Structure formats: C-alpha cells, structure tokens
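For reference, the chains in residue letters:
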Amino acid sequence: MRLAAGVDSSTQSCKVVVRAQSCKVVVRDVDSGALVRQGSAPHPAGTEVDPEAWWRALHTAIEAAGGLDDVEALAIGGQQHGMVCLDEHGEVVRPALLWNDTRSAHAADELVRELGAEAWARAVGSVPVASFTVTKLRWLAEHEPENAARVAAVCLPHDWLTWRLRGSTDISELTTDRSDASGTGYWSPSTGEYRPDLLAMALGREVVVPRVAGVREVVGHFGAIALGPGAGDNAAAALGLGARAGDVVVSIGTSGTVFAVSDIPTAEATGTVAGFADATGRFLPLVCTLNAARVLDAGAAMAGTDLDGLSKAALSVPPGADGLTLIPYLEGERTPNLPDAAGSIHGLRLANATSAHLARAAVEGMLCGLADGLDALTGLGVPVGRIVLIGGGARSEAVRTIAPGILGHPVTVPPPGEYVADGAAAQAAWVLEGSEEPPRRVTQGTETYEAAPLPEVRTRYHEYRDRVA
C-alpha cells in the first residue's frame, strides 16, 4: 500500500491526513483513497501570526497523525493571500499578515485608483481588496518602511511551509502553485506569468517571488518524501471534492466562498468575482465573504444558545422570519467591499422579537450573502450544474435545509470531511502517479436537499443591504 499525505494549514489550525493513495494532516492510500490516519494542531488566534507557529503546529499535527515514515509524497493546502516577508538570509521580517487582516483596505483603494479597476481585472483577473498580498505590501511600504526595506522575498503561507520542509534557506528556491499565485494580485492566471511591475507599484521595488511550479511537479523532498507544489485552500478543496466543470462549491467556514471549476479564465472589473486559477490547469472564479460560520456563532450567542439550539430554533420559524432581516457584516465585508461596515437587524416588530426569529434571520442573512456570490458567478456565464455545500457551517441542519430555498437550487452535501487536506493528499498522489488528470475518489454518504425558492427573502435582504455604506 502506497501512502500520500495532505496538509491543511488553515487560519485556525493545521490538519494532516494520511490516505492510502494519497494544521490537519491526512494520510490516504494512493490507489483507493482510503483514509489511513490523521492529526491536527491549533494555530494562534489573530490576523497576524509568526510563521514559526505554523511550523510548530505542522510538526505537532504530523506527530498526532502517527508520523510520516511510511509516506511517499506530501502536499500542503494553505490559507490564501497573506504576506510572508523574508530578508536576504531567509529570515522572517515581521509577523505574517493573514488574508482576514483588513488594515490594508485603504492601500487597496489607492492601488485601484492608480491603475483602474478594469486594468487590474485585465492584468491579473481580479481587482485588489484588503485580502490580497499586493495590498498588504503597499500597507507595509507606507506604515513600516524600515521593515519594507529589509524585504528581499515575499511568499504565501503554504509556500513558506513547503520551503521549510525542503530544509532550504535560499530565497531563490521558493516555489508556489498557480492557484495561490493567482491570489497575490501580481500574477496573471490567463498568461501564467508574474507582473513584477504591479508588485513594484505596491512595495516600491521588485523582490524575489516564488517560482510557479507545474501542477504535478515534485518541488523538492522532505527526507525521502516527495513534495507536491501545494495549493490555496479553495483550490485544494476542489481537488478533494473531485469538482469538475459545472460544479459550484459553497464553503461555509471562517470565511464564506462560492467558487466554480471553469475551463476559461474570468476578469470582472467590479471586484466581486476573483478570477483565480485552480490546481489542475483550469480556473477557479471565486466570490468570498468575510462573514460566514461566525455569523452562526454570533447568532447563537445573541439567542443565548449553542449551534445546535440555533439550528432547531431557526427551523421552528417560517421562511423570512416574519420580516426580520439580518445583514451579517459583523467583521466588515469583502463582498461587497465594505471593510468598515457593521452588521444590522431590520424589520424588528413585537411579533418577531424572539430568539427563534433571530436564529432564522442569522441563517438566512448568511446564506443571502453567499447567494449574491452565486449570482455574480452566473452573471459571468459560469454554468451551474451542481451545488456542493461544505464547511463547518454545512453541519447545521438549518443551513442544509434552508440553503436550497435561498440559493435557488438543490444542494448536495457530502459528509463532513477535511476536504482541503484531502485535496492536498490527492495532489501528492498525483505527483506519484504522473497521470494526466488528478485521482478522484467517490464520496460516500452524500445527501441532496431541495426546497422551493424564496425570492421574497432575498428581495427584502437586498433592500436593507443596499442601505449599508
């Protein structure tokens, strides 16, 4: 039995899975895809983190997964965007800024004004927002010029971890993959090339950036273990799900994402749809919301219950919560681009002033934000053949039951799983096999949910949403 391991180095934890094919670390069997063992370790809270914390968590997760002595290949799926700055000796210059650090919102506005939104979309498939690496580099140049002057190379979280596993200290040996490179703001999915002029526009000069590896390239070794190029978390999840063209994935985690596998690149000037690349050579147009599963956490706290109680309460109230509407911009918002916005509740009356109505409004409000993302994709001509609902939020019965009505389509819900780590494991298996297409495994226990569309809920949501400035 040949084994491959996949790592999910996410915002909150590191997970490792080992599969008989193939932080959270998973180990899977290369031939069958069967899960062999897994382990995880937490990451520090906050929106800036010393990368050494990821390194320690990775080793803890590997140990919890029973080690890697019998593993032949490994790949890392990591949180997208972010900014890891290194000096000429390969030392970290300052704590990494994560994707959900919005301090660079003003820098994003500056960069868009300087080049123009349409020009950004043509250049790199996306219009920069605070999440993107390019905006964080502008923030660094403006607010920490001494640190900016020390930067000799800039990379992303999974790039840095792969580089460390290789035992390298040479910044010229950094590698990345096309999916994560497409979220920097200075690499073009359509041409497959960096735009050093855009990086220099942000930081004030050019610096070393990771080489973009081939989709199934061995980029180095960790001992005897072959290392795959890795992937951004959403692209890795698409691999783990075996997503094909026509599939739309709605992921409800710390952030909410709506993304589709596409055979052609997209470029959309409003900034709503990010024209990312995937991990197979195709494209991954994506809409991201900052507020997803944590809206459920907040709703449960306000209702004085837990997540299970929130779900039961939400299902006890009719669709539309008798007119109560929650706009879920609790952490600002990325889609629409309102980094300084706050959440709000509308339509409060005596008849709906109950914790159960609030629970329903929280679930519907979160899903309405994701439905807007789906509309943005279809507006670009992205086909919708199947909607797959994943992430921690998908474990809620209320979310699964209400989602088809809000999204306007049946939803397929696979069993809870470590799909980012599984996708990384699938990439590691692909590295071993060398086949034209990545290995795909059949997910058992998938359920389909259907419900009548709820256009009136979305209409009311849009009315209140458009009042937010």
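What counts and how
Residues numbered from 1 in each chain as written. Predicted model: local features only at pLDDT ≥ 70, side-chain atom pairs only at ≥ 80, totals over all residues. Heavy atoms only, no water. Helix = DSSP H or I, 4+ residues; strand = E, 2+ residues; numbered from the N terminus. Expected span 1.5 Å × (residues − 1). Buried < 20%, exposed > 50% of the residue type's maximum accessible area, 1.4 Å probe, protein only. Phe/Tyr/Trp six-rings, centres within 6.5 Å; stacked < 30°, edge-to-face > 60°. Patch = residues over 30% accessible without salt bridge, like charges linked within 9 Å, V, L, I, M, F, W, Y side chains within 5 Å. Areas by Shrake-Rupley, 256 points an atom, 1.4 Å probe, with all protein chains shown as cover. Salt bridge = Lys/Arg side-chain N within 4 Å of Asp/Glu carboxyl O. Pairing = 2+ DSSP bridges. Axes fitted to C-alpha atoms, helices over the stretch in contact; angles between N-to-C directions. Parallel < 35°, antiparallel > 145°, perpendicular 65-115°, else oblique. Contact = heavy atoms within 4.5 Å. Nonpolar A, V, L, I, M, F, W, Y, C, P; charged D, E, K, R; others polar. Left-handed = near helix turned anticlockwise from the far one by under 90°. Core = buried A, V, L, I, M, F, W, Y, C linked by side-chain atoms within 4.5 Å.

**Q** Go over helix H1 (residues 51-64) with me, naming the residues and quoting the values.
**A** Over its 14 residues, H1 extends 20 Å from the first C-alpha to the last, a length consistent with the 20 Å expected when each residue adds 1.5 Å. Within H1, the full set of buried residues consists of Pro51, Ala53, Trp54, Trp55, Ala57, Leu58, Ala61 and Ile62. Once H1 finishes, glycine 66 follows within two positions and takes phi at roughly 85°, a positive value.

**Q** I'd love a proper account of helix H9 (residues 233-241), names of residues and values included.
**A** The α-helix advances 3.6 residues per turn, and as a result positions three or four apart in sequence lie on the same side. By the criterion of burial, H9 is predominantly enclosed, with eight of the nine residues buried. Along H9, the positions that sit buried rather than exposed are Asn234, Ala235, Ala236, Ala237, Ala238, Leu239, Gly240 and Leu241. Following H9 by one or two positions, glycine 242 has its phi on the positive side, about 65°.

**Q** Got a sec to walk through the packing of aromatic side chains? Specific residues and values, please.
**A** What the rule picks out here adds up to three aromatic pairs. Summarising the aromatic geometry, the rings of phenylalanine 132 and phenylalanine 276 are spaced 6.1 Å apart at their centres and angled 40° between planes, so their arrangement reads as tilted. One end of the pair, phenylalanine 132, is in the loop between helix H3 (117-124) and helix H4 (133-143); the other, phenylalanine 276, is in strand S19 (residues 274-277), and 144 residues separate them in sequence. An identical accessibility class is assigned to phenylalanine 132 and phenylalanine 276; each is buried. Look at tyrosine 186 and tyrosine 194: their rings are 6.3 Å apart centre to centre, the planes differ by 25°, and that puts the pair in the stacked class.

**Q** An account of a nonpolar patch on the surface is needed here, citing residue identities and associated values.
**A** Taken together, the side chains of Met302, Ile345 and Leu348 make up a nonpolar region of the molecular surface, amounting to roughly 310 Å² of accessible area. Examined against the element boundaries, isoleucine 345 turns out to sit in strand S22 (residues 344-346).

**Q** Help me get a handle on the pattern of salt bridges, residues and values and all.
**A** Taken as a whole, this structure holds 28 salt bridges when the rule is applied. As a salt-bridge pair, glutamate 48 and arginine 94 come within 3.7 Å of each other at their nearest N and O atoms. One end of the pair, glutamate 48, is in strand S5 (residues 48-49); the other, arginine 94, is in the loop between strand S7 (84-86) and strand S8 (96-97), and 46 residues separate them in sequence. Here glutamate 48 falls in the partly exposed class, since its relative accessible area comes to 31%.

**Q** I'd like to hear about the pairing of strand S17 (residues 247-252), residue by residue, with values.
**A** Most of S17 sits inside the fold, with six of its six residues counted as buried. Burial along S17 is two-sided: the face carrying Asp247, Val249 and Ser251 and the face carrying Val248, Val250 and Ile252 are both buried. Note: S17 against strand S18 (residues 256-260), five bridges, orientation antiparallel. Bridge pairing in S18 places isoleucine 252 opposite glycine 256.

**Q** Pulling in residues and values, what's your account of the packing of helix H12 (residues 355-379) against helix H15 (residues 455-465)?
**A** Running from N to C, H12 and H15 point in directions that differ by 90°, and their axes come no closer than 10 Å. Relative to H15, H12 is oriented roughly perpendicular. On the side of H12, the interface is formed by Glu364, Gly365, Cys368, Gly369, Ala371, Asp372 and Asp375, while H15 contributes Val457, Arg458, Tyr461, His462 and Arg465. The class makeup of the residues in the contact of H12 with H15 is four nonpolar, three polar and five charged.

**Q** For the packing of H1 against helix H6 (residues 157-165), give the residues involved together with the corresponding values.
**A** As a packed pair, H1 and H6 sit with axes 10 Å apart at the nearest point and diverge in direction by 60°. Classified by the angle their axes make, H1 and H6 are oblique. The two elements H1 and H6 meet at a crossing, and its hand is right-handed. In this structure, H1 contributes Pro51, Glu52, Trp54, Trp55 and Leu58 to the contact, and H6 contributes Pro157, Trp160, Leu161, Arg164 and Leu165.

**Q** Run through the nonpolar core, naming residues and quoting values.
**A** Ranked by size, the top nonpolar core spans 54 residues in total, and within it Ile252 and Leu367 carry the most contacts. Residue contributions to this core peak at 14 residues, all from H12. Setting aside residues up to four positions removed in sequence, leucine 367 forms contacts with Ile252, Val399, Ile402, Ala403, Ile406 and Leu407.

Spatial relationships are all this shows, so hold off on functional conclusions.
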